[in-house]
Structure formats: structure tokens, C-alpha cells
Amino acid sequence: MEVGLNHFLILSTVVFGIGLYALISRKNAILVLMGIELILNACNINLIAFSKYGGLGVDGQVVAIFVIILAVAEAAIALGIVLNLYNNFSTVNIDEVDNMKE
Amino acid sequence: MSLYSILFYLFALIIVVSAVYVVSTKNIIHSAVSLFITLFAIAAIYVLLYADFLAITQIMVYIGGILVLLIFGIMLTSKITNLDLKTKNLSDLPAILFVAGLTGVLVFIMLTTNWKTVPEPSKNDITINAIGKLLLTDYLLPFEVASIILLIALIGAAMYSRKEKTIK
């Protein structure tokens, strides 16, 4: 079967589902971050696929660049939060961290 | 089947298998290495979509930046010495059912929607020229805002993760 737009959309949906699973079922905060990265990558695949097959030029790719920039900022901030969690609670399991302040 | 299709199915298989391994393995270091493979294969998918600049950006930013950052996070928050890098899952079965249902609905929507596509996909050789022009004309304001956000994130992360008091 020749590859078309639908193939890329289904691939990105599957990656999104896997990332969402990591987001809602893993305990470790860093694995939750990895799930977010998978979801953002799925979004990027969609943007670039529509940029190619939708006849929209490279606008979709420019938006994908902004998504990558925001992913970098998000990863840096989130890791700072995770390191602070570890300093304060000595764990990164998100279900054991239920106080705002120790 | 053309070479394009074979490459697509190959990389899609790599992506799905390694992404499932990322979320299913108990060892968090294995997750990070598997995420490395996933991100590389996604860069290959970008190449198949004629997005060469995005593919290079993906490799440099995600693999060179975010993944190294994540591995640093793992190393700093786990007790490496007693090799206790295992993680546990939370409410596995409901999560799998929910995600499978949602993915099924989304795939159904993707397949049944009549997307407005062009019959002949554009095959631009080099996208850097066009992306650079767009970044400095139509997308100038988002570009500047993104740079401010990066600066804020840099200062914020440095301030936030600095130790302010002694460890209890």
C-alpha cells in the first residue's frame, strides 16, 4: 500500500497514545516527562505531514520549530522542579509527593 | 511497494516498538536509551516528509539536548549505587483501556475525515531558505517571543534548581 497522509496521521496517533499512557500510569516523574516528549513529537509529525500533503508550504514546519523550542524550555523547567522535589522529599514518585510544602 | 513505503513502514515499526519499550520497561535507564532510538526514527520520518531542517533540529535539540538533560535528571534523582533504578506502574489496566479507546477513536476520526489534500505533494529540495524567510517575516513576533521564553526558562531553571538551604 502506498504511503499517504493517513499513514502519518495514524503513526502520530499511536505515538500520542503511548505518550499519554506514560503520562497517566507511570510513577516516576522523569518517565512522565518522557511521555510529554512523545506527545510533542506526535504533534510535530502531524504538523509536518499536513505541511507536505496539505499544500500549505513550509508554515507547518515553522510551527513545528516553535513546538521544539517550547519542548526545550519545558524540559529544562520540569527537570528543575524534579530536582527540587528530590531535594525536598527524597523521591521522584509523583504519588508520594502530596504536600505543597514538607 | 516502493522504497519510500518500505522505509516508512520500517521506521514506523521502530518508533512504535521502541516507544512501547520506553513506557513498559521497569528500568528507567533502558527507557532513556529506548527514547533515544524513538527520537532518531522520528527524525527519519521527518526526512521522509521532506523536512530536512526539522530532522537535523530534532537530532540536535532532542537527542543532543533534552535526552542528555533527562539522563542527567535520572542520574541525579536515583540512587545509582544500590542499582535501584526500578520504577512502578500506577493503575495499569484502566490506563491501557482508556488509552486504547482514545487512540481507537482518534484513528477512526483520522480515517473518516475527508482531509483537504493536494494531489501532488510539494517536493521542495531545501526548506531552510523558506523557513528562514518565514521566521523573519510572517513569524517574526512568535520568533522573538520564543527567544524571550527561552531566556526566562534558562534563568528560571537556574534559580529554581539551586540549593537555597541545607538538605534536611
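Since this is a predicted model, take the numbers as computed values, not measurements. (Residues numbered from 1 in each chain as written. Chains lettered and ligands numbered in written order. Predicted model: local features only at pLDDT ≥ 70, side-chain atom pairs only at ≥ 80, totals over all residues.)

**Side note on the overall build of chain A**
Okay, so step 1: When you go through chain A residue by residue, the secondary structure sums to 3 helices and 0 strands.
Okay, so step 2: Secondary structure of chain A in N-to-C order comes out as α-α-α.
Okay, so step 3: Against the compact-globule benchmark of 13 Å for 102 residues, chain A has a radius of gyration of 17 Å, which places it well outside the compact range.
Okay, so step 4: Along the first, second and third principal axes, the C-alpha set of chain A runs to 55 × 25 × 15 Å.
Okay, so step 5: Among the 102 residues that make up chain A, the fraction classed as buried is 53%.
Okay, so step 6: Within chain A, contacts between residues at least 6 apart in sequence are counted, and of these 43% link residues at least 24 apart. (Helix = DSSP H or I, 4+ residues; strand = E, 2+ residues; numbered from the N terminus. Rg over C-alpha atoms; globule rule 2.2 N^0.38 Å. Buried ≥ 20, exposed ≤ 12 C-beta atoms within 10 Å, placed from the backbone. Contact = placed C-beta atoms within 7 Å.)

**Focus: helix α3 (residues 59-89) of chain A**
Okay, so step 1: The first and last C-alpha atoms of α3 of chain A sit 44 Å apart over 31 residues, in line with the 45 Å expected at 1.5 Å per residue.
Okay, so step 2: Ser90 of chain A, located one to two residues past α3 of chain A, shows a positive phi value of around 60 degrees. (Expected span 1.5 Å × (residues − 1).)

**Some points on the environment of Ile63 of chain B**
Residue and element names in this part refer to chain B.
Okay, so step 1: Summarising the element assignment, Ile63 is placed in helix α3 (residues 52-77).
Okay, so step 2: Taking the C-alpha atoms as reference points, Ile63 and Ser18, separated by 45 residues in sequence, lie 15 Å from one another.
Okay, so step 3: Once residues within four sequence positions are removed from consideration, Ile63 is found in contact with Phe36, Leu39 and Phe40.

**Some points on the confidence of the model for chain B**
A low pLDDT score tells you not to read the predicted coordinates there in detail.
Okay, so step 1: When pLDDT is averaged along chain B, the result is 85, and 86% of the positions lie at 70 or above.
Okay, so step 2: Here the prediction assigns the complex a pTM of 0.88, and the interface score ipTM is 0.89. (pLDDT = per-residue confidence, 0-100.)

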